[in-house]
Amino acid sequence: IELLEAAFREGGRLFYVGAGTSGRLGVLDAAECPPTFGTPPELVTGIIAGGARALVRSVEGAEDDVNAGLAAIREHGVGPRDVVVGIASSGTTPFVGAALAQARHPDTEFLFFGTAPSIEAALAAHPQLKAVSRVIHTDVAVKMDDKPSQALRQGRWKSSMWLAIDAVKKGEAD
């Protein structure tokens, strides 16, 4: 409550971000603030995966749309004075996670280490994510089922894993 009070005093706003029933409850709470508390409608906003039509009918797959989560925060002009509350009953809804990440760090750039053609193909389905990503090509990509200890012991010095570790050590990535 204190966090919200401080944000409101500084001209900030409250955004609820959710999917499915969780998102509907956020939108409902936002809709009730003006008549109940006399607040301006833009002070509290509910954002639901799948948009307005998801309020009355399930929009399958909307909760997994990372691009939409990123875009929703940008479209609402969320800034440093605003508070964003993610509502996810599972705790891992990609739409909500992406929205929270975008709100927390609007200048975030994602680095992908691996074979560029494979990464570019995967990013093609996610234009919003692609717009804030950089691909660092490596000749050897360590795959998810490769054991890290084996990849490191085999001396794949130019592999995706080694280059990613090196980027973190040099302060180029977090």
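(A) Highlighting the overall build of the chain. Looking only at helices and strands, the chain features eight helices and five strands. Secondary structure elements of the chain occur, N-terminal to C-terminal, as α-β-α-β-α-β-α-β-α-α-β-α-α. Sorting the 174 residues of the chain into buried and exposed places 32% on the buried side. The contacts in the chain between residues at least 6 apart in sequence include a share of 59% that link residues at least 24 apart. A total accessible area of about 10,800 Å² is found for the chain, and carbon and sulfur atoms account for 57% of it.

(B) View of the side chain of Thr45. Here Thr45 lies in strand E2 (residues 44-48). Taking the relative accessible area as the measure of exposure, Thr45 reaches 16% and is therefore buried. Beyond its immediate sequence surroundings of up to four residues, Thr45 is in contact with Leu14, Phe15, Tyr16, Ala30 and His76.

(C) Up close: the pattern of salt bridges. What the rule picks out here adds up to two salt bridges. Glu5 is the partner of Arg9 in a salt bridge, and the nearest nitrogen-oxygen pair spans 2.7 Å. Placement of the pair is Arg9 and Glu5 together in helix H1 (residues 2-9), with a separation of four residues, close to one helical turn. Between Asp82 and Arg13 there is a salt bridge whose closest N-O contact spans 2.8 Å. Taken as a pair, Asp82 in the loop between helix H3 (66-75) and strand E3 (83-87) and Arg13 in the loop between H1 and strand E1 (14-18) lie far apart in primary sequence, 69 residues in all. Residue classification places Asp82 among the buried residues on the basis of a relative accessible area of 14%.

(D) Quick look at the sheet that holds E1. The three strands are arranged E2-E1-E3 in an open sheet whose pairing can be described as parallel. Edge positions in the open sheet fall to E2 and E3, since each of these has one partner strand only. Strand-to-strand twist across the sheet, computed as the mean angle between neighbouring axes with direction ignored, equals 20°. Relative to E3, E1 runs parallel, the two being bridged by five bridges. By the bridge assignment, Tyr16 is partnered in E3 with Val85. Along the sheet, helix H2 (residues 20-37) contacts E1, E2 and E3; its crossing angle with E2, the most-contacted strand, is approximately 160°.

(E) Broad picture of H2. For H2, with 18 residues, the first-to-last C-alpha span of 26 Å sits near the 26 Å given by 1.5 Å per residue. For H2, every residue scored as buried is listed here: Ser22, Gly23, Gly26, Val27, Ala30 and Cys33. One or two residues past the end of H2 sits Gly38, with phi positive at roughly 70°.

(F) Seen up close, H3. Considered for burial, the residues of H3 that qualify are Asn67, Gly69, Leu70, Ala71, Ala72 and Ile73. Buried residues along H3 sit in contact with E1, E2, E3, helix H4 (94-104) and helix H6 (127-131). Here H3 starts with a cap whose side-chain oxygen sits 3.2 Å from the backbone nitrogen of Asn67, and that cap is Asp65. A positive phi of about 60° marks Gly77, the residue just after H3.

How each quantity is defined
Every chain's residues receive numbers from 1 upward, in the order its sequence appears when written. Only residues with pLDDT of at least 70 get local features here, since the model is predicted, and only at 80 or more are side-chain atom pairs given and counted; chain-wide, interface and lining totals rely on the full set of residues. Computation of side-chain values: all heavy atoms of the structure, hydrogens and water removed. Each helix is a run of DSSP H or I of at least 4 residues and each strand a run of E of at least 2, with the numbering of both proceeding from the N terminus. Each residue is placed in one exposure class: buried if its accessible area under a 1.4 Å probe, protein chains only, is under 20% of its type's maximum, exposed if it is over 50%, and partly exposed if it falls in between. Any two residues whose heavy atoms approach within 4.5 Å at even a single point are treated as in contact. Note on areas: Shrake-Rupley, 1.4 Å probe, and residue coverage restricted to the protein chains presented here. For salt bridges, the criterion is a side-chain nitrogen of Lys or Arg within 4 Å of an Asp or Glu carboxyl oxygen. Any two strands between which DSSP finds at least two bridges are classified as paired. Interaxial angles span 0 to 180 degrees and are taken between N-to-C directions of axes, which are lines fitted to C-alpha atoms, for helices over the stretch in contact. To estimate how far a helix should extend, the number of its residues minus one is multiplied by 1.5 Å. Within 3.5 Å is the distance limit for a polar contact, defined as a pair of N or O atoms, with the added protein rule that one can donate a hydrogen and the other accept it, and that residues adjacent in sequence qualify only through two side-chain atoms.

Shape is all these values report; function is a separate question.
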